[in-house]
Amino acid sequence: MPVGIGNTNYRHSDLAKLYGLPEQIKSDADEDEDEEDSEAPSCSPSSEHKKGESGSSLGSTDLMKLKALSDGPPKELKIRLIKVESGDRETFIASEVEEKRIPLKDISIKNTASEIIRSCKAARLKGKFKESYLLPAFSVKPIISKEEPIPREKLNPPTPSIYLESKRDAFSPVLLQFCTDAKNPVTVIRGLAGSLRLNLGLFSTKSLVEANADQMVEVRTQVQQPADENWDPSGTGQTWPCESSRSHTTIAKYAQYQASSFQESLQEDEDDEKKSPSSSETPNKDIGKIIKFGTNIDLSDPKRWKPQLQELQKLPAFMRVSSSGNMLTHVGHTILGMNSVQLYMKVPGSRTPGEGNYRSPGEQQLLFSEHQYWPWRLHGVDYLTGSWWPVLEDLYNANIPVYRFIQRPGDLVWINAGTVHWVQAVGWCNNIAWNVGPLNGYQYQLALERFEWNEVKKVKSIVPMIHVSWNVARTLKISDPDTYKMINESRKYCKKISYQSRVKDEPAYYCNECDVEVFNLLFVTSENNSRKSYVVHCEDCARHRNPSLTNVVVLEQYRIEELMSVYDSFTLVRLDFLVRNRSSFMN
């Protein structure tokens, strides 16, 4: 048993060395037999100590030694008790455990958190330490051969479309497998709403106005034009940048605009019918017309949009906004438009420009290109932060295939990881969209690739992947070896970090200078010496601004022991174990 002195505990071997006693420790079975010999010395401050007494009592020199042990940072000497049998007696020998330091180059995900920390402490680095989050062996980027161009007739491949006849079809594991298969960049699920008896009327303009007429709507003012064209402001040539002015209104006011636009179109159609058939007016009479697109309407509030959000719970688990198998559920806080539902209110010609993030989305035309062709190095467009609309002829000339199809009421479009897409309405319609992150190796690898590319380009990543990786490791059991290895690899930069606790729904933090995700260690400065305004930096930017970190407060959000525990407890589990314990791990 350890002997307590003040607030400091000492182990057998420490006391044995201090008192000059043998390091052999007897078992409990022998204590009664040799009670007098093994009695511990009195160590209270009131104990009397006499000179010349044997080592079982403490002299002034011994007290000084004990005081020295209690000074300075706490240290731990690991001792292993080795049982030794001698005849009919058992004794234990205390053996000091030697902790070996593994060279940093030999560290892998097979090592424990303690081994990694010891290795990092022994490392001597020159300059910044930076490695890829990715494992080259898991790269999903295909090799694109430019020597064998795709025939023109194959640059418009047919879009995989699945027709559902029943609720059973919607919940079939075959549908999940097909949608998440890396070979299928996009899947149209026809008739999903009908097979699940979804009440799409909850998302009609009338219902939206009745529910929250004063909800804010972002409005994009655009020029109406054909889906396969994008003319510059002068109208003299086609271009890729797709600019629009932004303003704001309410659902009620946009509903009035949407309804009046529909009434105007009906009136124009009636007028056209009255004209003679020989009229020379072109059928594309609306080309060049100024239109307004209601976008990014937030439906995340569970109180204001309870019926709508509850209706979406009828979807299969892998399609839901929130589920245990959705990485975005494990962000820990709401990211508007990413792990929450957004609504789009449209008139014909409304455009959602190109984007290539996580994604799962009246009637509208959708155009897609597979992730391996992105980012294109064409036309000087900033594909990470800009707004762009590809000219189809440019894509075909660059040997890039494009999927084109019409999404009809009740259809769900599943856009696979990394697929670049852009959308144009061909009618008056309302659409809802959200993102999901299926927990598989393909999705995770692409997410990390995008995360790292953003970091290289100093663009803020909407999804804090380091934060997500730790939360996934903390809460889920992983059976896929590839996913397990990548999640562990992405967390290796946090082992040397240690606390200022996070609160519920606290968002992830990003560096104010370079927009990189800052996990756990926040380098905080006050803005203009104000105590009310604080700015978060990453370590690199903080040291660049002030090498000595003067006036920089370092906030730690997790104790190192907590991270070590999460790291060591995150293990690869067998699939049959997950199946047997399915109810324990699934929502």
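The name given to the chain in an unreviewed UniProt entry is [histone H3]-trimethyl-L-lysine(27) demethylase, with Pundamilia nyererei as the source organism. Under the heading Subcellular location (unreviewed entry), UniProt records this for the chain: "Nucleus". The UniProt entry for the chain carries the following comment under Cofactor (unreviewed entry): "Fe(2+)".

**Description of helix α8 (residues 205-212)**
Within the span of α8, buried status applies to Thr205, Leu208 and Asn212. The buried residues of α8 occupy an angular sector of 65 degrees when the element is viewed end-on, so they sit on one face. Across from the buried face of α8, at angles greater than 90 degrees, the exposed residues are Lys206 and Glu210. Structurally, α8 contributes buried residues whose contacts are with α9 (251-274), β11 (342-346) and β17 (429-433).

**Comments concerning the packing of aromatic side chains**
A full pass over the atoms with the stated rule returns 7 aromatic pairs. Aromatic side chains tyrosine 254 and tyrosine 257 sit 5.4 Å apart centroid to centroid with 55 degrees between the ring planes, which places their arrangement in the tilted category. A residue pair is termed a helical-turn pair when its members lie 3 or 4 positions apart in one helix, as tyrosine 254 and tyrosine 257 do in helix α9 at 3 residues. Judged by relative accessible area, which is 24%, tyrosine 257 ranks as partly exposed. Taking NZ or CZ as reference, arginine 351 lies 4.0 Å from the ring centre of tryptophan 389, over its face.

**Some words on the packing of helix α12 (residues 441-456) against helix α13 (residues 465-475)**
Across the interface, α12 lies against α13 with an axial gap of 10 Å and an inter-helix angle of 150 degrees. In contact with Tyr444, Ala447, Leu448 and Phe451 of α12, α13 contributes Met465, Ile466 and Ser469.

**Here's the deal with the nonpolar core**
With 34 residues, the main nonpolar core has Ile189, Leu192, Leu299, Leu315, Met319, Ile432 and Trp434 as its most contacted residues. Elements supplying a minimum of two residues to this core: α6 (173-180), α7 (192-196), β8 (216-223), α9, β10 (290-298), β11 and β15 (412-415). Setting aside residues up to four positions removed in sequence, leucine 299 forms contacts with Phe203, Trp305, Leu309, Val341, Leu343 and Ile432. With 32 residues, the next largest nonpolar core counts Ile116, Ala447, Phe451 and Phe570 among its residues.

**Some remarks on the pattern of salt bridges**
This model, assessed by the stated rule, comprises 8 salt bridges. Across the pair lysine 314 and glutamate 311 runs a salt bridge, and its minimum N-O distance is 2.8 Å. A salt bridge links arginine 543 to glutamate 539, with the nearest nitrogen and oxygen atoms 3.1 Å apart. On the criterion of helical spacing, the pair formed by arginine 543 and glutamate 539 is a turn pair, its members being 4 residues apart in helix α15 (residues 539-545). A residue is classified by how much of its surface remains accessible, and glutamate 539, at 32% relative accessible area, is partly exposed.

**A look at the environment of methionine 338**
Among the structural elements, methionine 338 can be located in the loop between α10 (306-311) and β11. Note on methionine 338: relative accessible area 4%, which makes it buried. Methionine 338 sits 17 residues away from valine 321 along the chain, and the two C-alpha atoms are 9.4 Å apart.

**Observations concerning the sheet that holds strand β22 (residues 553-556)**
Consider a sheet: its strands pair through backbone hydrogen bonds, and that pairing is either parallel or antiparallel. Ordered in space as β21-β20-β22, the 3 strands form an open sheet in which the pairing is antiparallel. The open sheet has two free edges, formed respectively by β21 (534-537) and β22, since each of these has just one partner strand. Each strand of the sheet is rotated relative to its neighbour by a mean of 35 degrees, with strand direction disregarded. Pairing between strand β20 (residues 521-526) and β22: 4 bridges, direction antiparallel. The residue of β22 that forms the bridge with leucine 521 is glutamate 556.

Rules used throughout
Residues numbered from 1 in each chain as written. Predicted model: local features only at pLDDT ≥ 70, side-chain atom pairs only at ≥ 80, totals over all residues. Heavy atoms only, no water. UniProt positions renumbered as here; feature names shortened; annotations may be inferred. Buried < 20%, exposed > 50% of the residue type's maximum accessible area, 1.4 Å probe, protein only. Helix = DSSP H or I, 4+ residues; strand = E, 2+ residues; numbered from the N terminus. Arc of directions from axis to C-beta. Contact = heavy atoms within 4.5 Å. Phe/Tyr/Trp six-rings, centres within 6.5 Å; stacked < 30°, edge-to-face > 60°. Lys NZ or Arg CZ within 6 Å of the ring centre and 35° of its normal. Axes fitted to C-alpha atoms, helices over the stretch in contact; angles between N-to-C directions. Core = buried A, V, L, I, M, F, W, Y, C linked by side-chain atoms within 4.5 Å. Salt bridge = Lys/Arg side-chain N within 4 Å of Asp/Glu carboxyl O. Pairing = 2+ DSSP bridges.

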